[in-house]
Amino acid sequence: MDLTFYLQTFDHFIIYLAVSLVLFLIGTYLFKLLTPYSEREQIRNGNVAVSLKLLGKMAGLVVVLQSAIRHSINLVDLAIWAFIAIIVQVVLHLVVEYVFTRNTSLAKEVEKGNVAVGLFLGGISVLVGMIVAATISY
């Protein structure tokens, strides 16, 4: 085992880690902007549905980011794929929330604590993240 190789590439690890964490925070922030209630306050008050929904969105984002990291050829490529994935997930969220369920406000159901809806929305985010992650390849 050549330890010098790992020491020489450690800076790349740190840079990719930092960029990925920033992209994760940007994606999470954008998801929070779409939410008509304070997720932090709802979770603090014990709303499991909100927690499941947010966790699913974050997990879906991480799945996409890990694929972008694995397949990117440089940091710009990573950022482009990450932003594409974030946009796809945001658009899908809007489609599910406002098109497929026109007669029901899923956001209000989650805010009321409907765990089934929170789990459903979080699960959709993970599944979409998996599909988007699989499409990031060369």
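Treat the numbers as computed from the prediction; the structure is a model and nothing was measured.

Participant: Hey, could you run me through empty space enclosed by the protein in this one?
Facilitator: One way to see where empty space is left: roll a probe the size of a water molecule over the atoms. Per the counting criterion, the structure on display carries one cavity of 30 Å³ or more. In this structure, the largest cavity encloses a volume near 80 Å³. Taken together, Phe-31, Lys-57, Gln-89, Leu-92, His-93, Val-96, Leu-121, Ile-124, Ser-125 and Val-128 form the lining of the largest cavity. The set of elements that each furnish at least two residues to the lining of the largest cavity consists of helix H4 (75–100) and helix H6 (115–135). Among the residues forming the lining of the largest cavity, the class breakdown is six nonpolar, three polar and one charged.

Participant: What is the right way to look at the packing of aromatic side chains in this model?
Facilitator: Given two aromatic rings, their pairing is described by the distance between the two centres and the angle made by the two planes. One pass over the full model with this rule turns up one aromatic pair. When the centroid spacing of 5.6 Å and the interplanar angle of 35° are considered together, the rings of Phe-10 and Phe-13 count as tilted. Of this pair, Phe-10 and Phe-13 both sit in helix H1 (residues 3–33), three residues apart, roughly one helical turn. Judged by its relative accessible area of 47%, Phe-10 falls in the partly exposed class. Residue class for Phe-13 comes out partly exposed when judged on its relative accessible area of 46%. Across the ring face of Phe-31, the terminal group of Lys-57 is positioned such that the distance to the ring centre comes to 5.1 Å.

The rules behind each value
Residues numbered from 1 in each chain as written. Predicted model: local features only at pLDDT ≥ 70, side-chain atom pairs only at ≥ 80, totals over all residues. Heavy atoms only, no water. 1 Å grid on protein atoms, 1.4 Å probe; cavity = no way out; pocket = protein on both sides within 12 Å on 5 of 7 lines; lining within 4 Å. Points joined across faces, edges and corners; volume = space filled by probe spheres on them. Helix = DSSP H or I, 4+ residues; strand = E, 2+ residues; numbered from the N terminus. Nonpolar A, V, L, I, M, F, W, Y, C, P; charged D, E, K, R; others polar. Phe/Tyr/Trp six-rings, centres within 6.5 Å; stacked < 30°, edge-to-face > 60°. Buried < 20%, exposed > 50% of the residue type's maximum accessible area, 1.4 Å probe, protein only. Lys NZ or Arg CZ within 6 Å of the ring centre and 35° of its normal.

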